[in-house]
Amino acid sequence: MQGSTASPMPASAQAGRTGFGVLGAISFAHFLNDMIQSLILAIYPLFKNAFALSFAQIGLITLTYQLTASLLQPAIGLYTDRRPQPYSLALGMGFTLAGLLLMAVAPSFGVLLLASALVGTGSSIFHPESSRIARMASGGRHGLAQSLFQVGGNAGSAVGPLLAALIVIPHGQRSLAWFSVVALLAIGVLWQIGGWYRRQHRASKARASVPVSPLPRSRVMRAMAVLMLLVFSKYFYLASIMSYFTFYLIERFGLTVAAAQVHLFAFLFAVAAGTVLGGPIGDRIGRKRVIWFSILGVAPFTLAMPHVGLAWTGVLSVVIGFVLASAFSAILVYAQELVPGKVGAVSGLFFGFAFGMGGIGAAVLGRLADAHGIVYVYQLCAWLPLLGLLTVLLPDLRAAPAAGRG
């Protein structure tokens, strides 16, 4: 959309009505998209054995996927702020479908990397535009809308490892192709959403107005830098869980792959549950308070987890996932309020940065695991949430004229 048309709400939103049907559909599409992605992450032990990969090579698979997504997302978001592409979401899922099918038949490590790049391209198209649609359907309850959108993705991420344990691990790499049905279903849903998006864009053009930032440019830039550091701390830590938690549990506690996947599912389910709370609570009490609690509040639990037994590791991982999950919705809506009228660019920037940090984290932590052991990785990453202290530098947007109160 044009810079002046990215922010206006459709008629229903302006009247204060939240489009729960559209939010449900885009959340369901997010569920399917992220389920496919986490399914791939969860079968790393299978790839490690089949292709004799090191931890560093496992990290490179994640890095390829994450960097493809992170580098493209801001550019796609900026482009679609100016020229909306209602049916681009279905196209993006087509890239994910192609990557999934290629990964199912990949004969070598190099082909696995190419397949990961295709899946990453699909994500780079999906996230900025779907985040914009969630905001368009929010009825002004931006935090709630982003949480509903995010919970679909987090629920999909939780289900992926469970499906990997039940289907892919027993039946092998080629069974990944069975999930092409999921991608085709997502394409159908996203095509319907694209039609709604097209109609809303046409209706909003007549009501377009130029949004104004509530803060001076220098304060906006400083706040954006702080938000980026907070995203770094969250996603670097999450990379240690998403890519290596199963290996940690197998090495330290002697679990089977299937048992370790169940623990990963529990963590990801807690992430999905925690995501529901961050947005609506931020609408009520302010997003800065949610960011404080979510990032810094998780530090005692991350610091304790490397030093406890299996039972407490399971408990702490669930608490960490639940508390940490609320951060991203609050950070994203806070950033959209800092830079009004650039929903696609801001969403692409933060989704892209999050993906990039996850990818770089996976690669760096893989090298550290090869050099010092997987337990060392968790001892080191435990300190990352202390970066939440930087939240003190964020301005309180509730006092600003343009701040969203939901």
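In this section: the packing of helix 10 (residues 257-285) against helix 11 (residues 287-296). In contact at an axis separation of 7 Å, helix 10 and helix 11 are set at 130° when each is read in the N-to-C sense. In terms of their interaxial angle, helix 10 and helix 11 are classed as oblique. Facing Gly278, Gly279, Ile281, Gly282, Asp283 and Ile285 of helix 10, the residues of helix 11 in contact are Arg287, Arg289 and Val290. Split by residue class, the contact of helix 10 with helix 11 holds 3 nonpolar, 3 polar and 3 charged.

Looking now at unusual backbone geometry. Backbone geometry places Ala52, a non-glycine residue, at a positive phi of 55°. Mapped onto the elements of the fold, Ala52 is located in the loop between helix 3 (44-51) and helix 4 (55-82). Accessibility expressed as a relative area gives 66% for Ala52, which makes it exposed.

Let's shift gears to helix 13 (residues 310-325). Taking 1.5 Å per residue, 16 residues should reach 22 Å; helix 13 reaches 22 Å between its end C-alpha atoms and fits that length. Buried residues of helix 13: Thr313, Gly314, Leu316, Ser317, Ile320, Gly321, Val323, Leu324 and Ala325, and no others. Taken together, the buried residues of helix 13 touch helix 9 (217-253), helix 10, helix 11, helix 12 (299-304) and helix 14 (327-338).

In terms of nonpolar packing, the biggest core is built from 113 residues, with Phe47, Leu227 and Phe350 touching the most fellow members. For Leu227, the contacting residues outside a window of four places in its chain are Ile291, Ile331, Tyr334, Ala335, Leu338, Phe350 and Leu394.

The next thing to look at is a nonpolar patch on the surface. On the surface, Val276, Leu277, Ile281, Ile285 and Phe322 cluster together to form a nonpolar patch covering roughly 370 Å² of accessible area. Per-element tally for the nonpolar patch: the top contributor is helix 10, with 4 residues. Relative to the helices and strands, Leu277 resides in helix 10.

This part is about the confidence of the model for the chain. Looking at the chain, pLDDT values average 80 and 90% of them are 70 or higher. Low pLDDT, under 50, characterises residues 1-15; the stretch is placed with 47 contacts to residues that sit more than four places away or in other chains. Note on residues 399-406: pLDDT under 50 across the span, and 13 contacts to partners over four residues away in sequence or across chains.

Below, the discussion takes up the packing of helix 10 against helix 13. Helix-helix packing: each pair is described by the crossing angle between the helix axes and the interaxial distance. Axis separation between helix 10 and helix 13 bottoms out at 6 Å; the angle between their running directions is 30°. Relative to helix 13, the element helix 10 is oriented roughly parallel. Relative to helix 13, helix 10 is oriented so that their crossing is right-handed. Between helix 10 and helix 13, the contacting residues are His263, Ala266, Phe267, Ala270, Val271, Ala273, Gly274, Thr275 and Leu277 on the first element and Leu310, Gly314, Ser317, Val318, Ile320, Gly321, Phe322 and Ala325 on the second. Split into classes, the residues belonging to the contact of helix 10 with helix 13 amount to 11 nonpolar, 6 polar and no charged.

How each quantity is defined
- Residues numbered from 1 in each chain as written.
- Predicted model: local features only at pLDDT ≥ 70, side-chain atom pairs only at ≥ 80, totals over all residues.
- Heavy atoms only, no water.
- Axes fitted to C-alpha atoms, helices over the stretch in contact; angles between N-to-C directions.
- Helix = DSSP H or I, 4+ residues; strand = E, 2+ residues; numbered from the N terminus.
- Parallel < 35°, antiparallel > 145°, perpendicular 65-115°, else oblique.
- Contact = heavy atoms within 4.5 Å.
- Nonpolar A, V, L, I, M, F, W, Y, C, P; charged D, E, K, R; others polar.
- Buried < 20%, exposed > 50% of the residue type's maximum accessible area, 1.4 Å probe, protein only.
- Expected span 1.5 Å × (residues − 1).
- Core = buried A, V, L, I, M, F, W, Y, C linked by side-chain atoms within 4.5 Å.
- Patch = residues over 30% accessible without salt bridge, like charges linked within 9 Å, V, L, I, M, F, W, Y side chains within 5 Å.
- Areas by Shrake-Rupley, 256 points an atom, 1.4 Å probe, with all protein chains shown as cover.
- Salt bridge = Lys/Arg side-chain N within 4 Å of Asp/Glu carboxyl O.
- pLDDT = per-residue confidence, 0-100.
- Left-handed = near helix turned anticlockwise from the far one by under 90°.

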